[in-house]
Amino acid sequence: MLKPAEQTPLTALRLAELAAEAGLPAGVLNVLPGYGETAGQAIGRHAGIDVVSFTGSTEVGAYFLKYASESNLKPVGLEMGGKSPFIVLEDAEITDDLIANAVSAACWNGGQNCSANMRQIVHAKVKDVFLGKVLESIRALKVGDPLDPATQMGSMISEEHQRRVLGYIAKGEKEGARILQGSAKPLDRAGYYVAPTVFDEVAPGMTIAREEIFGPVLGVIPATSFEEALKIATDTDYGLHATIFTKDIDRALYLARRLPCGTVSINKFTEGDVKTPFGGYRKSGSLARDNGAEALDQYLQTKTIWINVTPPS
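Notes on the structure in this doc start here.

Let us look at unusual backbone geometry. Phi angles above zero are rare outside glycine, and leucine 73 is one such case at about 55°. For leucine 73, the position within the fold is in the loop between α3 (58-69) and β2 (76-79). Not every positive phi belongs to a glycine, and asparagine 109 is a case in point at roughly 60°. Here asparagine 109 lies in the loop between α4 (96-107) and β4 (119-123). The class of asparagine 109 is partly exposed, set by a relative accessible area of 45%.

Here it is as structure tokens:
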């Protein structure tokens, strides 16, 4: 059974149509649109459902754990939110490729991506060059109709979410971060658009550095050493993804081993592909993983069968 988010049910329904056209027997794939508090809760509490795999917010993931605890104790696989760091060490060359990855990490899909790298921890030695090039790239982004092939970033998923993202931008400015590009006001066009926004002088304790925004916001946190970058990166409740840019593979692997997150990409922002497991630590997920052979584990149980064989007389 598949329950899509209430804001985006059409692709899942189309998937069911295609499955039926391809000959999948009736009942093998069931798509159940609905609201979380009704359809979602019914799935979580249903005694006839043996396991649930959920992708979404940390808040809703906690509800599924609650539903399971109050019903049949079904296993719940969770892939939830993130506050992932994008780390640029002092030896990194600030190339166009690095900048493209930095902007994509924060603004891909309008920032509506669980593994978005909004916390960009940049060594003070290269921060000014980094910010200058990021601003050029952000200002060149074409924001508009997602059906236009030239569009690089569309709108937020709903008016409610647009208000939420703008609220975070306003809070960031109020707490002392400096907006270099963008605004806490909606773009003046039809739809729920938010301008790609760049913050400088973000402190690790600010709200925008601790809570998932899920919007096109890139915040730069300066670091003065390798050790400080690691300390800032690990100071989070989440643990989904991280990106590291450096020429020193030893330091990259040192960081990768110590970052408490499920996926670390070095010198490129990527979640991997269908062959590699993807999931989080801490409030970003459970032991379950998406993708890779490991994705099957959450749907399997181990059974032991002992047979006592009487020796022939």
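Glancing now at the sheet that holds β4. Taken together, 7 strands build an open sheet; the order of strands is β5-β6-β7-β4-β3-β9-β10 and the sheet is mixed. Of all the strands in the sheet, the pair left with one neighbour each is β5 (178-181) and β10 (263-266). Between one strand axis and the next, the sheet turns by 25° as a mean value, whatever way the strands run. Here β5 runs beside strand β6 (residues 197-200); their pairing, made up of 3 bridges, is antiparallel. Bridging across to β6, arginine 178 finds its partner in aspartate 200.

Next up on the list: the pattern of salt bridges. Throughout the structure, instances matching the rule amount to 14 salt bridges. With a closest N to O distance of 3.3 Å, glutamate 70 and lysine 66 form a salt bridge. On the basis of relative accessible area, glutamate 70 is assigned to the partly exposed category, the value being 46%. Residue class for lysine 66 comes out partly exposed when judged on its relative accessible area of 38%. When salt bridges that share partners are traced, they join Glu90, Asp91, Asp248 and Arg251 into one network.

What follows covers helix α2 (residues 36-45). Considered for burial, the residues of α2 that qualify are Ala39, Gly40, Ile43 and Gly44. Axial view of α2: buried residues confined to an arc of 135°, hence all on one face. Where the residues of α2 are buried, they touch β1 (52-55) and α3.

Remark: α4 packs on helix α5 (residues 124-140), axes separated minimally by 9 Å, with the N-to-C direction vectors making an angle of 65°. Regarding α4 and α5, the two cross each other, and that crossing is right-handed. Residues Leu98, Ile99, Ala102, Val103 and Cys107 of α4 form the contact with α5, whose participating residues are Phe130, Lys133, Val134, Ser137 and Ile138. Counted by class, the contact of α4 with α5 contains 8 nonpolar, 1 polar and 1 charged residues.

Rules of the game
- Counting starts from 1 at the beginning of each chain's written sequence and moves along it residue by residue.
- Totals for whole chains, interfaces and linings use all residues, but because this is a predicted model, local features are given only for residues with pLDDT of at least 70 and pairs of side-chain atoms are given and counted only at 80 or more.
- Excluded from the side-chain calculations are hydrogens and water; all other atoms, namely the structure's heavy atoms, are used.
- Put simply, DSSP H or I for four residues or longer makes a helix, DSSP E for two residues or longer makes a strand, and each gets a number counted from the N terminus.
- Burial classes: relative accessible area under 20% of the type maximum marks a residue as buried, over 50% as exposed, and values in between as partly exposed (1.4 Å probe, protein chains only).
- Note on pairing: two strands pair once DSSP finds at least 2 bridges between them.
- Axes here mean lines fitted to C-alpha atoms, for a helix over just the part in contact, with angles spanning 0 to 180 degrees between N-to-C directions.
- Just to be clear on terms, a salt bridge is a Lys or Arg side-chain nitrogen sitting within 4 Å of an Asp or Glu carboxyl oxygen.
- By definition, the arc is the one covered by directions from the helix axis to the C-beta atoms.
- The contact definition used throughout considers only heavy atoms, calling two residues in contact when any of these lie within 4.5 Å.
- Crossing handedness: left-handed means the near helix sits turned counterclockwise from the far one by under a right angle, and right-handed means the same turn made clockwise.
- Polar here means any residue other than Ala, Val, Leu, Ile, Met, Phe, Trp, Tyr, Cys and Pro, which are nonpolar, and Asp, Glu, Lys and Arg, which are charged; Gly is therefore polar.

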